[in-house]
Each structure stands twice: as structure tokens, then as C-alpha cells.
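In case you want the letters, here they are:
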Protein chains: 2
Amino acid sequence: MPDLANTDKPLRIGLAGLGTVGGGLVELLEKNATLIRRRTGRNIELVCVLVRNLNKPRSVELPDGCLVTANPADLVDNPDIDVVVELMGGIDAARSLIEGALRNGKHVVTANKALLAEEGIDLLKLAKEKNRILRYEAAVAGAVPIIEALRVPLAGQRLLSVQGILNGTSNYILSEMSTSGLDFDTALKQAQELGYAEADPTLDIDGQDAAHKLTLLIRLAFGVNYPYTVLPVQGIRGMDARDIAMAREFGYRIKLLAEVKRVNLDEGDDGPIRLAAGVYPVLVHHTYLLARVGGVYNAVRVESESAGSLFFHGRGAGSLPTASVVLGDLLAVARDARPNNTGFADENIPRASIVPPDECLTKYYVRVMVPDTPGVLRDLAGCMAREGISMEQVIQRSNDGGHIVPLVFMTHEASSLAMKTALQHAMDTGLLHKPAVCYRVL
Amino acid sequence: MPDLANTDKPLRIGLAGLGTVGGGLVELLEKNATLIRRRTGRNIELVCVLVRNLNKPRSVELPDGCLVTANPADLVDNPDIDVVVELMGGIDAARSLIEGALRNGKHVVTANKALLAEEGIDLLKLAKEKNRILRYEAAVAGAVPIIEALRVPLAGQRLLSVQGILNGTSNYILSEMSTSGLDFDTALKQAQELGYAEADPTLDIDGQDAAHKLTLLIRLAFGVNYPYTVLPVQGIRGMDARDIAMAREFGYRIKLLAEVKRVNLDEGDDGPIRLAAGVYPVLVHHTYLLARVGGVYNAVRVESESAGSLFFHGRGAGSLPTASVVLGDLLAVARDARPNNTGFADENIPRASIVPPDECLTKYYVRVMVPDTPGVLRDLAGCMAREGISMEQVIQRSNDGGHIVPLVFMTHEASSLAMKTALQHAMDTGLLHKPAVCYRVL
């Protein structure tokens, strides 16, 4: 195995995918070449680029001698390549490319959160087995270096929680709804026009993208596997502008939050690590730094037993921001920085001990549509009290003469199950005109 | 040289200094032992502790078999020690300890910003020569992992600027003055009573501590040496509560900021890296994240060409927060993570090309005490205009009947020299009752 750090030979890379991020990387390799040499003592050379369609016109200029191919074997089996950079996305082709590269003794840098959430544990094991570096800083929170932070400087911290605004598209939509008063569909359309949302925005606005990223953060923070398939996930699709306005009146902003909390920190670390986690819209008080995260920015808040709270904030997406993070990974490979790929010594990551989502405690914001008649608030408070839920603040408002009015309240802490039961009961007894809108409060 | 990463032997440490942070580290080594094993596959063993006074009573309990000594040779020459952790502070004894440890093939972890600002380059060279790890995450910004961030994930970024609130004591005093309306002396006394300020607070409130830290950040961010002895430094001693209140009226908070800006980014990286830097109180608009940094918190904002702005926020000091960062460094040593100690391939760090402080451009906040007579504002504006400085906003206020009133204004961008000249001229012509108070505006 070559000693990467003590060489001045170029680090030779094969790049899979020449889209927004791949194109940005090619640009940065050229533009930042002097810096790269100063940082590592070496050049980084782009040897080969894998694309899906050889005939598609490209705006990016490749260096002389760089091979363009549609055949993955030209990367995987190429003895002139030290590192494969996977920026093609998707699952199957990306997995087989990464596996092949690791098996052939190449290091890998990827930004593929979906793949890492799904198959990451196997890939990390394979990398360990082959003693190869597998880096993926760009997979979570864009330019915010949260993966390196959790893996290295925060590795000695016993962590209480990690909370992130991890999906720039959702945050852009919520920010626009909040500051410009747009409705959901208009904000989504605007995001699509600006290139912040895909034509099919499902993964973003339904919370799956944030769930993939949360699964990666949970592994790095706690060394356990909480499969994203069992994470409770609620997205922002169809968010009502009224709730965003109401939340503002209470002093809150609504954010799509991915969070994990350790509930048994006082039990020590010899037994299971017990976690409550999920992705959902949350009301965040305007005095919190998380509430100040606007537009396509991402942020992560980490709460540690010894160091208190840490907050990281930066661009969540975009060609050059993401490409520059990939470049950071490449520099680390060039310098042969080898902390454990997982951040833990044993790559056999056990499954998390999971607090059933129904049992998770939180404060709630609830908006119901009710008839404008006396006694409604009393009856609704009765439904809540039956489940042990007490109200903290109530806004009742007559609308302009209609019979059905919104009633908004915030509760003290309650379990998800108690809230569901209380609202179901209110619905069953005919108190609610339609199902309640209900969000957590941070 | 032993392969640190591929061993399950304990990492044996010698600790110099058993004060607040040293005591916190001993506590964490015990409390986080399981996590340490999970992260590294090894134990960390405290073999020997160096103290100044063997007879001083200690509240911290040392592990069985740990030697307590007052003789540095028991650490430096001890073949049973892999890493020396220097938490004793000061310059001479700390330098000779660290040098001795590196010469004897030991890795070093330190939190000593004063030493690193003064002698860091030589120590980093020595570490390189001996192929040893020298880590110092706790030296800057407390729990905020900005050193690792600049050295690894951000290493590929061409940086525009780094701005930090790096001194918790000053930030606590300014925060208390701003939120509780305290005057400077009362806020300082309160900080001392709470243990946030030393009996002799000079290094903190006069800006030298922040200057030490800025010198380290400049090296990591740009790979050049800007000696702290030539940094322009202005502290917060004697800050007038009136200015904090006035700044609030304009929508600003006053913060002690350490900042460096690259002024020739567009010239590429082959020539000199030209920097404008300094430590000074600055008015920060309340909508900026830096304005939201309260109490003893620290924060760093990094602006990169490709990734835009990044913001990091966390506790700036304290026993366990700082100790937990030292522990993070120890874990990195235990896993043999070896990026370059400096973040650059060549440890021969050249001197920065420095923009003379007088030429640095910024907006200014100015408060002058002037006679309450007609024409004063006109004459003052004349002094400014002579130097090409234009005023952006003015607040003039009659006080309760006195003849001398404060006049406050903010300017458009001007050089430091132009501002000094204009104010000197105003003073010389008898316009000002006493010297102006003048702060930069971010």
C-alpha cells in the first residue's frame, strides 16, 4: 500500500458524474491548484471522467489527457486512479462503482446520502477491510463540515442531541412562506424556477432526504444504526400559510427539523444507547439560532454533556459549495488523514435502541377549525385533559363572520400518542370541523 | 515508530498542569472511558501528572498508579508516555516541556495560545521533523472546532475572511453592558466574581488574548505568519455604556472582533497572500449571527470563495468544555490521524504580506462631545469631507440643558488614516470637547 502522505506524486482521481457538483469540482481543481499544492505538497490530477451519455454537450472544460468514458470499468479497473469520486447519485450503479473501487484498493469520496443511508454500513465495513479511506462530507449539510466535526474533534464528547436543518429546498420554501407570505405551491414553484428544487421534489419536501442525512448523523454521533426506514418522517408538503403566520404571532418560526436525542445519557455507555429521533416540521422560538437559518442554508446544533451546545451554519447546496466540500475530502485523502471512516473503532455498528415514536415527549402547536359557539374551547380542553395534556397558550379568533373559526393553542409536554388520541377523540365527538394541524415545538 | 492506529495498547499520557482544565480532563478520562474505547479501540491511561506544588491539596482524584511529580523530566524522559498534554500555561516552562517531549518522540496536545502565537512556527517545524502530532484545538474558540475545520474540511477553500469573537471574558462584559445596562467596571467585577475573568484581566480586555488566537487562525487559514506583535489591537477596557446604548439605537451590538481579510483573492495564489487584520471593538448589525453571540460564548465566521459563509458557535471557555476539546485531540492522536500539523505541506510558513493598518477601509461609528451651538455639525462634516469621509447617519441629541452634548454619526467606508486625520483636525480646531470615541462597523 503506497504511503499517500509522504509522496509528492500527484493524487490521481477518477470522477463519476459530471453534473452540477462534478462540473464544479473540475472547475475548482483548476482554480485552486496552487492552494492544493500548498496544502498537500502534491497535485490532484483528473485522470478519467465517467458520464452516462458521451454525446451530451458539456460546458465544463476537462484537463488535457483526461479520458471521458461511459464504462465504469475504466474507473474501477484503472491502475492509474488512486481515488474514485462518486457524484453520479442513485443507488445501484453508485454502489457497484464504490464497491468495485474499494475492492481494487482505491479510496472513495462520495456525496451520496441515499446510498450511504441505505448501504453505508456495508460500504464502511468493506473500506475498513481494504484499509481504504471512504469520505462523505458533502453528503450532509452541504458546506457545513459536520461529519468531520462529529468524527474527529467532537469524538470524545458524550452527546445529548443533534438537531439539523438539513434540507435546503424545504428551508427555502418555509423561509419564503414566512418572510414573503407566499403559499406553499407558489413557494415551491419559485424554488423550482431558481433551481433549488427538483422537478419532482418528493424526496425534499416529504422529508426523506433529511431522513437519509439524519441516519448518517446518528451513526457518527452515537455509533449505532437507526435505519431511515423506521424513522418517523413528516415533510412540509401542503404546509398552510396560516400556521406559519400563527407561529410567528407566538414568536416562532416553522422549520423542517431532523433530530435525535439520547434519552439515557445518565445510564452510562456500557449498555444500549437509547435514542428518540425523527424528521418533522417544528416551531422554533425566534431567539434560537436555528430559527435564524434562512433560504437554502443548512445548520446543525449539537448538544454535548461536557461542552454544551455547538452550532454550525452554512450553505446547504449548490454547485461550488458542494464541490468545494468534495475537494476538502480529496485533500484529506491526499494527506492520508485516516481517522476511522465511521468515527468508531468497530465498523460493526449495532442497531440503536429506539424510543417508540408514540412515546416521544414534546410540546405541541395545534390548530383546529371549530364552530364559533360557546363551550368549544372548554370541550376541547376536556379532550386534552383526558389524555393528561395541558394547554399553555390559546389564540381564538373570530374570522370575518363565518361559522367555522381557527383555534390555535400550544401545549405543555405530551407524548405523541396522547396527542393523537386526544385529537382523534375531539374529531370523533364532532368537535372539529376537519382534522387538526399539529406540529412539535422545540 | 509505533503504528498508533493499529494497536489496542493503551495510549499513555503525561499531563502537565492540574488546574481547571487539567482537572476537567482527568474527570472526563474516567467518565468517558467507554466512549473512548468505542471511538478508538484503545484505552487512554493517565501515567503521570506534573504539578508546580506537590503539597497543594487537590479535589480531583487521580487513577491508581498515576505518578504525581514536580519534575518535568518525569514526563519528558519517561519511556512509558506516548503523549504529553500541556495545560500549564505560560511561555518558558511550557516551551521547554513541549520541545523536550517532541525531541523524545512524544506527541503533544496543548491549549497554550500565547506560546503557539509566539513560538508556534518553531514548535510545528520540530514536530514535523520528528514526525510527531502536535494538536491544539483548545487554543482557539474553546469548544468550537475551528482549528480542525480550517485544517481539514475547509483546507481546499480559497478563503476571503475569518472573523471571530474569540475572547469569552470580553464578550461576557459587553453582553452584560448591553443587556443589563451595566457600566464597564461593574460588568468586569461581575465577570471576576463568576470566574469568567482573571484577577488581572489585562490579556482578555486589552485584546492580547484574541490577538494570540487570531495569529493562529491566520496561519491555519492562509498558511502565512502575521506576528501578533504587529497586529493592530484595541481592547474593550473603559468602554462607555453610552456607546453601547447608542449602537443599539442604530440597530447594532458592539463585539470585540478578531478579523482577517484577504484583499488580493483575485490575484491568485502564486504570489503573496495580502492580508488586512486586527482585533478591535466593532459594531455588528443585530441581524448578523455574530451579533447574537452572548455571554461567554465564542463564534467564528469564515467566508470562502466557493462555499460562501460558514458560522461556528459554542462555549468559549470553562473547565469541562475546554477539557473535552483536549480529549478530542487525544482521541485523534490515539487514532493516529495525521493531517499536517500546520494544515499545509511546508512547515516553513512565510510572513504575510500585510496591508498597513492605516490603509484598511471600514465604516465607522464616531461619538464626539461638542458644544451645543449652531454650526458644529457643519464644521465637523467639513473636517470629515476634507479627508474624503462622508457621513451616513447622524444622531444629535441635546442633553438635559448642558452645554456639551454628544453627537453620534456613522460614516461610509474610510481609511483608518483618513479618520484619524479628520478627528485630529477637529480636535486641533477646538471643535471637540474631548477626544472622539471611534469604532469600526462590520
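Position labels on residues start from 1 in each chain and follow its written sequence. Chain labels run from A onward and ligand labels from 1 onward, assigned in the order the entries are written. Given that this is a predicted model, residues contribute local features only at a pLDDT of at least 70 and side-chain atom pairs are listed and counted only at 80 or more, while totals for whole chains, interfaces and linings are drawn from all residues. Side-chain calculation: all heavy atoms of the structure are included, whereas hydrogens and water are not.

1. Observations concerning the sheet that holds strand S2 (residues 44–50) of chain B
All names here are of chain B.
And step 1. The 6 strands lie next to each other as S3-S2-S1-S4-S5-S6, forming an open sheet whose pairing is parallel. Both outer strands of the open sheet, strand S3 (67–69) and strand S6 (134–135), are each paired with one neighbouring strand and no more.
And step 2. Where strand S1 (residues 11–16) and strand S4 (residues 83–86) come together, 4 bridges link them in parallel fashion. When the sheet's bridge partners are listed, Gly14 is paired in S4 with Val84.
And step 3. Seen against the sheet, helix H4 (residues 92–103) touches S1, S2, S4 and strand S5 (107–110) and runs at an angle of roughly 170 degrees to S4. Strand pairing requires that DSSP identify at least two bridges connecting the strands. Secondary structure elements are defined from DSSP: runs of H or I of at least 4 residues count as helices, runs of E of at least 2 residues count as strands, and each element is numbered from the N terminus. Here a residue-residue contact requires only that any non-hydrogen atoms of the pair lie within 4.5 Å. Simply put, an axis is a line fit to the C-alpha atoms, just over the touching stretch for a helix, and the angle between two N-to-C directions goes from 0 to 180 degrees.

2. What to know about the packing of helix H7 (residues 168–180) of chain B against helix H11 (residues 241–250) of chain B
All names here are of chain B.
And step 1. Remark: H7 packs on H11, axes separated minimally by 9 Å, with the N-to-C direction vectors making an angle of 65 degrees. When the interaxial angle is binned, H7 and H11 end up roughly perpendicular. Our pair here, H7 against H11, has a crossing hand that is right-handed. Across from Leu174, Met177, Ser178 and Thr179 in H7, the residues of H11 making contact are Ala241, Ile244 and Arg248.
And step 2. Here the contact of H7 with H11 is composed, by residue class, of 4 nonpolar, 2 polar and 1 charged. Angular relationships are summarised with four words: roughly parallel below 35 degrees, roughly antiparallel beyond 145, roughly perpendicular across 65 to 115, and oblique for the angles in between. Handedness of a crossing follows from how the near helix is turned relative to the far one, being left-handed for an anticlockwise turn of less than a right angle and right-handed for a clockwise one. Note on residue classes: Ala, Val, Leu, Ile, Met, Phe, Trp, Tyr, Cys and Pro are nonpolar, Asp, Glu, Lys and Arg are charged, and everything else, Gly too, is polar.

3. A short note on the packing of aromatic side chains
And step 1. Any two of the Phe, Tyr and Trp rings considered here, Trp counted by its six-membered ring, make a pair once their centres fall within 6.5 Å; the pair's planes then place it as stacked at under 30 degrees, edge-to-face at over 60, or tilted in between. One pass over the full model with this rule turns up 6 aromatic pairs over all chains.
And step 2. Where A:Phe311 meets B:Phe311, the ring centres are 6.3 Å apart and the plane angle is 65 degrees; that geometry is what we call edge-to-face. With A:Phe311 in strand S11 (residues 308–315) and B:Phe311 in strand S11 (residues 308–315), this pair bridges two chains. In this pair, the class of A:Phe311 matches that of B:Phe311, namely buried.
And step 3. Centroid distance A:Phe312 to B:Phe312: 5.9 Å. Interplanar angle 85 degrees. Geometry classified as edge-to-face. Within this pair, whereas A:Phe312 is found in strand S11, its partner B:Phe312 is found in strand S11, the two belonging to separate chains. Any residue under 20% of the maximum accessible area for its type is buried, any over 50% is exposed, and the rest in between are partly exposed; the area is computed with a 1.4 Å probe on protein chains only.

4. A closer look at the packing of helix H4 (residues 92–103) of chain A against helix H5 (residues 113–129) of chain A
Residues and elements named next belong to chain A.
And step 1. Two numbers describe how H4 lies on H5: the axes approach to 10 Å, and their chain directions differ by 10 degrees. As the angle between them shows, H4 and H5 are arranged roughly parallel. Of the residues in H5, those in contact with Ala94, Arg95, Ile98, Glu99, Leu102 and Arg103 of H4 are Leu115, Glu119, Leu123, Leu126 and Ala127.
And step 2. Per-class residue counts for the contact of H4 with H5 are 7 nonpolar, no polar and 4 charged.

5. Quick word on the relation of the copies chain A and chain B
And step 1. The copies were overlaid by least squares, fitting only the C-alpha atoms of residues that reach a pLDDT of 70 or more in each copy. Note on the identical chains: chain A maps onto chain B by a rotation of 180 degrees and an axial translation of 0.0 Å, with an RMSD of 0.0 Å. Each copy turns onto its partner about a two-fold axis. Considering only C-alpha atoms, the part of chain A nearest the rotation axis is A:Phe312, at 2.4 Å.
And step 2. Taken as a fraction of all interface residues of chain A, those also at the interface in chain B reach 100%, which identifies the copy contact as same-surface.

6. A word on the interface of chain A and chain B
When the parts of a complex come together, some accessible area is lost, and that lost area is often used as the size of the interface.
And step 1. Between chain A and chain B, the contact holds 66 residues from the first and 66 residues from the second.
And step 2. Summed over both partners, the accessible area lost on bringing two parts together, with a 1.4 Å probe, is the buried area. Where chain A abuts chain B, roughly 5200 Å² becomes buried across the two surfaces, and 51% of that area is made up of carbon and sulfur atoms.
And step 3. Three residues, A:Arg38, A:Arg39 and A:Arg335, lead the burial of chain A against chain B; their summed loss comes to 15% of the area buried on that side.
And step 4. Any N or O atom pair separated by 3.5 Å or less is treated as a polar contact, with the protein-specific requirement of one donor-capable and one acceptor-capable atom, and with residues adjacent in sequence counted only for side-chain atom pairs. The tally of links between chain A and chain B comes to 22 residue pairs in polar contact (both at pLDDT 80 or more).
And step 5. For the side of chain A that touches chain B, the elements supplying multiple residues, two or more each, are helix H1 (20–31), helix H2 (33–40), helix H6 (146–151), helix H10 (208–222), S11 and helix H12 (319–334) of chain A.
And step 6. Partitioning the side of chain A that touches chain B into residue classes produces 31 nonpolar, 18 polar and 17 charged.
And step 7. In the sheet, S11(A) pairs with S11(B) via 3 bridges, with the strands oriented antiparallel. From the neighbouring strand, A:Phe312 faces S11(B), where its bridge partner is B:Phe312.

7. Points about the pattern of salt bridges
And step 1. Salt bridges are identified by distance alone: a Lys or Arg side-chain nitrogen within 4 Å of an Asp or Glu carboxyl oxygen. Applying the stated criterion to the full structure yields 42 salt bridges over all chains.
And step 2. Here A:Glu305 makes a salt bridge to B:Lys31, at a shortest N to O gap of 2.9 Å. Here A:Glu305, found in the loop between strand S10 (297–304) and S11, pairs with B:Lys31, found in helix H1 (residues 20–31), and the two come from separate chains.
And step 3. Accessibility expressed as a relative area gives 28% for A:Glu305, which makes it partly exposed.
And step 4. For the salt bridge of B:Lys213 with B:Asp209, the shortest nitrogen-to-oxygen distance reads 2.7 Å. Placement of the pair is B:Lys213 and B:Asp209 together in helix H10 (residues 208–222), with a separation of 4 residues, close to one helical turn. Residues B:Lys213 and B:Asp209 agree in their burial class; the two are buried.
And step 5. Linked through salt bridges whose partners overlap, the residues forming this network are A:Lys31, B:Arg158, B:Arg262, B:Asp269 and B:Glu305.

8. Here's the deal with the side chain of A:Glu119
And step 1. As for its position among the elements, A:Glu119 is in helix H5.
And step 2. Ignoring sequence-local partners within four residues, the contact set of A:Glu119 consists of A:Ile91 and A:Arg95.

9. With respect to the confidence of the model for chain A
And step 1. For chain A, mean pLDDT is 93; residues scoring 70 or higher make up 97% of the total.
And step 2. Across the interface, the model reports ipTM at 0.93; the global pTM reads 0.93. Each residue carries a pLDDT score, the predictor's own confidence in it, on a scale running from 0 to 100.

10. A closer look at the sheet that holds strand S2 (residues 44–50) of chain A
Residues and elements named next belong to chain A.
And step 1. The strand order S3-S2-S1-S4-S5-S6 describes an open sheet built from 6 strands, whose pairing is parallel. Only two strands of the sheet have a single neighbouring strand rather than two, namely strand S3 (67–69) and strand S6 (134–135).
And step 2. Taken together, the 3 bridges between S2 and S3 define a ladder with parallel strand orientation. Note that in S3 the partner of Leu50 across the bridge is Thr69.
And step 3. Contacting strand S1 (11–16), S2, strand S4 (83–86) and strand S5 (107–110), H4 crosses the sheet at an angle of about 170 degrees to S4.

11. Structural notes on helix H13 (residues 376–386) of chain B
All names here are of chain B.
And step 1. Among all positions in H13, only Val376, Leu380, Cys383 and Met384 are buried. The arc that holds the buried residues of H13, viewed along the axis, is 95 degrees, so those residues lie on one side. Facing away from the buried surface of H13 by more than 90 degrees, the exposed residues are Arg378, Ala385 and Arg386.
And step 2. Along its buried surface, H13 packs onto strand S13 (361–371), strand S14 (391–396), strand S15 (404–411) and helix H14 (416–428). Arc definition: it is the arc formed by the directions from the helix axis to the C-beta atoms.

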